[in-house]
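# Understanding the architecture of this molecule
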Amino acid sequence: MNPDFINNDAMNSDPHQRARLLISLSGPEASNPERSWLAAHLEFCPSCREFADSTGQTIRSLRGFSITAGARLVSTTQLRVRQRALDLQRRQERFWMICTCCTAVTFCSAINAAVLWRGFAWMGQQARLSAPLWEGGFLVIYLMPAVLVGILLLARGTFLADYNGSSQDWS
Amino acid sequence: MNATACYFVSAMADENSEIARGLRRRDPDLLDHLIEKYQHRLLRYLLYLTGRREMAEDFFQETWIRVLERGSQYDGRHEFSTWLFTIARNLVIDDLRRKRPASLDSLADEDAAVPFDLPATGQPSAFDATVQHEQNEQISAGMQHISAEYRESLLLRFHEGMSLEEIATVTGAPLGTVKSRIYRGLTALGPWVKGARL
């Protein structure tokens, strides 16, 4: 029981307001003294008694409403939820696959860089090249694939943007 | 607290934790079960909130999709229904905000011309059924004219049997506001009940 169920409300200065509020909020939260006070008030107050009757009727009517979800709505929802769950699962799997690939690529490129560096150093020594020269060659060879892929992706991105832009213009 | 009450409280807590674990796993069987279990309660809540069957059915589906997507946010410490209704409510409000900056109040104005589609339940005798039906019609008519926030509070209190604190959690309103909405909602419906009696 909550002793402040009704006592902390601003509407309590008027006993009729307090009684009506108590009637409206009729529930397990009301304390025994509040219930006793209400019962005593209702005995000598016909207008609040009428309000209690009317409110009781309203609450009974509200509880009497029956709304049911159709079987089709339920099955459609279940289907949509299952599809979405599958979609999210696939996305999750793809995410983990990308993470694994990124880790593997990072690991491989680290080893690759070390091996290539040693290879370039050895070739530089054999060809009697200066250090900045073979280091520059290493950088060019090492970064070339990434630069090429970057250029290709940028070109493709520009192409897609142009295509979308023109499609919007046509519509 | 006696032993039986303890048992029920512990069983409910176990059930909520089970739901929370299942939602984290995105278990489709659990979701199927939850959709079936809460179908009527959720639809009724959305219908009270929106006042339109088609809109409520759309939100019904979207609510379960959101439950699937954000299931990991449910901690199992509160009632699942409270969390579910909060999600449904936020969806409705987000949708309203997307269309135009508004609160739930705007739904009451929008619904003014739309019948509040609430069928009546079957009653024991034909006379009682007629009286009850007539009264339900009147209350339905009254529902069209009261604020969506009042409708929502009345449903959560008298249909869902939620405590005032739970209603405050779902609606995000202070306790005093919840009390006031219930009181004002019932007072506003009073004339419609009297109309049915005459």
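What you are looking at is a predicted structure, and each value in this text was computed from that prediction instead of being measured. Per-chain numbering applies: the sequence of each chain, read as written, is numbered from 1 onward. Key to labels: chains lettered from A, ligands numbered from 1, both in the order written. Side-chain atom pairs in this predicted model are given and counted only at pLDDT of 80 or more, local residue features only at pLDDT of at least 70, and totals for whole chains, interfaces and linings cover all residues. Derived side-chain values reflect all non-hydrogen atoms in the structure, with water molecules and hydrogen atoms excluded from consideration.

Attention now goes to the overall build of chain B. What chain B contains, in helices and strands, is nine helices and zero strands. Each helix (α) and strand (β) of chain B, taken in turn from the N terminus, gives the series α-α-α-α-α-α-α-α-α. Here the contacts in chain B between residues at least 6 apart in sequence split such that 66% fall between residues at least 24 apart. Values of accessible area rely on a 1.4 Å probe in the Shrake-Rupley scheme; residue burial ignores everything except the protein chains shown. Surface exposure of chain B reaches about 9,200 Å², of which carbon and sulfur atoms provide 52%. Think of it this way: any DSSP run of H or I at least four residues long counts as a helix, any run of E at least two long counts as a strand, and we number them from the N terminus. Any two residues having at least one pair of non-hydrogen atoms within 4.5 Å are treated as being in contact.

The next point concerns the side chain of B:Ser81. Residue and element names in this part refer to chain B. Among the structural elements, Ser-81 can be located in helix H4 (residues 80-99). The buried label applies to any residue whose accessible area, calculated with a 1.4 Å probe on protein chains only, is under 20% of its type's maximum; exposed applies above 50%, and partly exposed to all values in between. A residue is classified by how much of its surface remains accessible, and Ser-81, at 4% relative accessible area, is buried. What Ser-81 contacts, discounting residues up to four positions off in sequence, is Tyr-38 and Arg-41.

Here a Phe, Tyr or Trp ring, Trp counted by its six-membered ring, pairs with any other such ring whose centre lies within 6.5 Å, and the pair is stacked when the planes are under 30 degrees apart, edge-to-face when over 60, and tilted otherwise. Counted by the stated rule, this structure contains twelve aromatic pairs over all chains. Ring centres of A:Phe51 and B:Tyr183 lie 6.3 Å apart, and the angle between their planes is 50°; on these two criteria the pair is classed as tilted. Separated into two different chains, A:Phe51 in helix H3 (residues 46-64) and B:Tyr183 in helix H9 (residues 175-197) make up a pair that spans both. A ring pair is formed by B:Tyr45 and B:Phe85, whose centres lie 4.7 Å apart and whose planes are at 45°; its orientation type is tilted. Highlighted residues: B:Tyr45 in helix H2 (residues 28-50) and B:Phe85 in helix H4, separated in sequence by 40 residues. Comparing B:Tyr45 with B:Phe85, the two get one shared label, buried.

We now examine the side chain of B:Asn16. Summarising the element assignment, B:Asn16 is placed in helix H1 (residues 3-25). With sequence-adjacent residues up to four places away left out, B:Asn16 is seen in contact with B:Tyr74, B:Gly76, B:His78, B:Glu79 and B:Phe80.

What follows deals with the interface of chain A and chain B. Taken together, the contacts link 44 residues of chain A with 49 residues of chain B. Both sides of the chain A and chain B interface together cover about 4,300 Å² of buried area, and 61% of this is carbon and sulfur. Summed over both partners, the accessible surface that disappears when two parts come together, traced with a 1.4 Å probe, is what is meant by buried area. Per-residue buried area on chain A facing chain B is highest for A:Leu62, A:Phe65 and A:Ile67; these three make up 18% of the total on that side. Definition used for salt bridges: Asp or Glu carboxyl oxygen within 4 Å of a side-chain nitrogen of Lys or Arg. The tally of links from chain A across to chain B stands at four salt bridges. Counting of polar contacts relies on pairs of N or O atoms within 3.5 Å, with two restrictions inside protein: one atom must be capable of donating a hydrogen and the other of accepting it, and residues adjacent in sequence are counted only when both atoms are side-chain atoms. For the pair chain A and chain B, the interface holds nine residue pairs in polar contact (both at pLDDT 80 or more). At the level of elements, helix H1 (15-24), H3 and helix H4 (71-126) of chain A are the ones that each hand at least two residues to the side of chain A that touches chain B. Top element by residues in the side of chain A that touches chain B is H3(A). It accounts for twelve residues.

Taken together, the side chains of A:Leu139, A:Leu143, A:Val147 and A:Ile151 make up a nonpolar region of the molecular surface, amounting to roughly 360 Å² of accessible area. Mapped onto the fold, A:Val147 is located in helix H5 (residues 131-170). In this analysis, a patch consists of residues with relative accessible area above 30% that form no salt bridge, clustered at 9 Å for like charges and at 5 Å for the nonpolar side chains Val, Leu, Ile, Met, Phe, Trp and Tyr.

In this section: the nonpolar core. By nonpolar core we mean a set of buried residues, namely Ala, Val, Leu, Ile, Met, Phe, Trp, Tyr and Cys, connected to one another through side-chain atoms within 4.5 Å. By size, the foremost hydrophobic cluster in this structure holds 74 residues, and its most contacted members are A:Leu62, B:Leu23, B:Trp64, B:Val67, B:Phe80 and B:Ile182. Sorting elements by how many residues they give to this core places H2(B) first, with twelve residues. Apart from residues no more than four positions distant in its own chain, B:Trp64 is found in contact with A:Thr77, A:Val81, B:Leu31, B:Leu34, B:Ile35, B:Tyr38, B:Leu42, B:Phe80 and B:Leu84.

Residue and element names in this part refer to chain A. Within the element layout of this structure, His-16 appears in helix H1. Judged by its relative accessible area of 33%, His-16 falls in the partly exposed class. Distance in space between the C-alpha atoms of His-16 and His-41 is 8.4 Å, their sequence separation being 25 residues. Not counting chain neighbours up to four residues away, the residues in contact with His-16 comprise His-41, Cys-45 and Cys-48. A polar side-chain atom of His-16 sits 3.4 Å from a polar atom in the side chain of His-41.

Helix span, as expected, comes to 1.5 Å for every residue beyond the first. Here H4(B) is 20 residues long and its end C-alpha atoms lie 29 Å apart, about the 28 Å a rise of 1.5 Å per residue gives. Counted residue by residue, H4(B) has 15 buried out of 20 residues, so it is predominantly covered.

Before going further, it helps to examine the state of the cysteines. Residue and element names in this part refer to chain A. Disulfides are defined as pairs of cysteine sulfur atoms found within 2.5 Å of each other. For the structure on display, the rule yields zero disulfides over all chains. The cysteine Cys-45 is free of any disulfide, with Cys-48 supplying the nearest cysteine sulfur at 3.4 Å. Residue classification places Cys-45 among the buried residues on the basis of a relative accessible area of 4%. Of all cysteine sulfurs in the structure, the one in Cys-102 sits closest to Cys-101, which takes part in no disulfide; the separation is 7.0 Å.

Now for unusual backbone geometry. Its identity is not glycine, yet A:Arg128 carries a phi of approximately 55°, on the positive side. In this structure, A:Arg128 sits in the loop between H4 and H5. Judged by relative accessible area, A:Arg128 falls into the exposed class, the value being 77%. Of note in the backbone geometry, B:Arg26 takes a positive phi value of approximately 55° without being a glycine. Inspection of the secondary structure puts B:Arg26 in the loop between H1 and H2.

Residues and elements named next belong to chain B. To define axes, lines are fitted to C-alpha atoms, for helices over the stretch in contact only, and angles between the resulting N-to-C directions are given on a 0 to 180 degree scale. For the pair helix H7 (residues 148-159) and helix H8 (residues 164-171), the least separation of the axes is 10 Å and the interaxial angle reads 140°. Put simply, H7 runs oblique to H8. By crossing handedness, the relation of H7 to H8 is classed as right-handed. On H8, the residues touching Glu-152, Ser-153, Leu-156 and Arg-157 of H7 are Leu-164, Ile-167, Val-170 and Thr-171. Here is the rule for angles: anything less than 35 degrees is roughly parallel, anything more than 145 is roughly antiparallel, 65 through 115 is roughly perpendicular, and the remaining ranges are oblique. Two helices cross in a left-handed way if the nearer one is turned anticlockwise from the farther one by less than a right angle. They cross in a right-handed way if the turn is clockwise.

Take it as geometry only, folks, not as evidence of what the structure does.
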